Amino acid sequence: MLDHRAENAFQRGVELIYNNRWREALPFLRAAIDFERQGGDPTEVQARYLSYYGLCLAIVTDRKHEGAKFCKEAVDLEAYNPDLMCNLARVLLAADRRKDAHKALMRGLRLQPDHTAIIQQLKRMGIRKKPALPILDRSNPVNVFLGKMRNGARR
């Protein structure tokens, strides 16, 4: 059953996020989770509440790991929801985990190929070039150095 207090707090939090007022949104999103737990089964909270709270927590505070945990929990509850995949990817990007963020975005894109936010996020991330030496890992210091040399030479 929908808890109206929780839903109102959630809607207000999302509205604040869309108005780029992240810090103000955080307590509303936390309240949505708390109201939901008070009104029913404390272990069952709507996935979207968890996801947006996790996203906001990661953006506003330095608690990126905790934010990712909330977003992953939401994705586990609703693996069919591309919005939740997009939120998880944004948190992973904030935590400098580009590879995992890209995987989450691609998973969301498979769910909904025309998802605007996912497409925008992928465009912001850009397309990675192949490693200079494909036989070595992308993070290998030689590849990093050669990649910087190659990209510096193009500028």
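Preceding this section is the structure that the text describes.
These remarks concern the structure in this document. Remember, it's a predicted structure, so these values are computed and weren't measured experimentally.

## What to know about the packing of aromatic side chains
- Following the criterion strictly, the structure yields three aromatic pairs and no others.
- When the centroid spacing of 4.9 Å and the interplanar angle of 35° are considered together, the rings of phenylalanine 10 and tyrosine 49 count as tilted. Separated by 39 residues along the polypeptide, phenylalanine 10 in helix H1 (residues 4-18) and tyrosine 49 in helix H3 (residues 47-60) bring together distant segments of the chain. An identical accessibility class is assigned to phenylalanine 10 and tyrosine 49; each is buried.
- Aromatic side chains phenylalanine 10 and tyrosine 52 sit 5.6 Å apart centroid to centroid with 75° between the ring planes, which places their arrangement in the edge-to-face category. Here phenylalanine 10, found in helix H1, pairs with tyrosine 52, found in helix H3; they are 42 residues apart in sequence, far enough to count as distant.
- Among the aromatic side chains, those forming a connected cluster through ring pairs are Phe10, Tyr49 and Tyr52.
- We note arginine 12 situated over the ring of phenylalanine 28; from NZ or CZ to the ring centre the distance is 5.8 Å.
- Just above the ring of tyrosine 53 sits the side chain of arginine 30; from NZ or CZ to the centre is 5.2 Å.

## Examining a positive patch on the surface
- The grouping of Arg98, Lys99, Lys103, Arg128 and Arg138 at the surface amounts to a positive patch.
- One can find lysine 99 in helix H6 (residues 98-111).

## Notes on the packing of helix H2 (residues 22-39) against H3
- The N-to-C vectors of H2 and H3 enclose an angle of 145°; their axes lie 9 Å apart at closest approach. Relative to H3, H2 is oriented so that their crossing is left-handed. Residues Trp22, Arg23, Ala25, Leu26, Leu29, Arg30, Ala32, Ile33 and Glu36 of H2 form the contact with H3, whose participating residues are Tyr49, Leu50, Tyr52, Tyr53, Leu55, Cys56, Leu57, Ile59 and Val60.
- Taken together, the residues of the contact of H2 with H3 break down into 15 nonpolar, no polar and three charged.

## Quick word on unusual backbone geometry
- Phi at asparagine 20 is positive, roughly 60°, even though this residue is not glycine.
- Relative accessible area serves as the criterion here: at 59%, asparagine 20 is assigned to the exposed category.
- Its identity as a non-glycine residue notwithstanding, aspartate 96 has a phi of 60°, on the positive side.
- Note that aspartate 96 resides in the loop between helix H5 (82-94) and H6.

The rules behind each value
- Residues numbered from 1 in each chain as written.
- Predicted model: local features only at pLDDT ≥ 70, side-chain atom pairs only at ≥ 80, totals over all residues.
- Heavy atoms only, no water.
- Phe/Tyr/Trp six-rings, centres within 6.5 Å; stacked < 30°, edge-to-face > 60°.
- Helix = DSSP H or I, 4+ residues; strand = E, 2+ residues; numbered from the N terminus.
- Buried < 20%, exposed > 50% of the residue type's maximum accessible area, 1.4 Å probe, protein only.
- Lys NZ or Arg CZ within 6 Å of the ring centre and 35° of its normal.
- Patch = residues over 30% accessible without salt bridge, like charges linked within 9 Å, V, L, I, M, F, W, Y side chains within 5 Å.
- Areas by Shrake-Rupley, 256 points an atom, 1.4 Å probe, with all protein chains shown as cover.
- Salt bridge = Lys/Arg side-chain N within 4 Å of Asp/Glu carboxyl O.
- Lys, Arg positive; Asp, Glu negative; His and termini not counted.
- Charge placed at Lys NZ, Arg CZ, Asp CG, Glu CD.
- Axes fitted to C-alpha atoms, helices over the stretch in contact; angles between N-to-C directions.
- Left-handed = near helix turned anticlockwise from the far one by under 90°.
- Contact = heavy atoms within 4.5 Å.
- Nonpolar A, V, L, I, M, F, W, Y, C, P; charged D, E, K, R; others polar.

So yeah, pure geometry; function would need other evidence.
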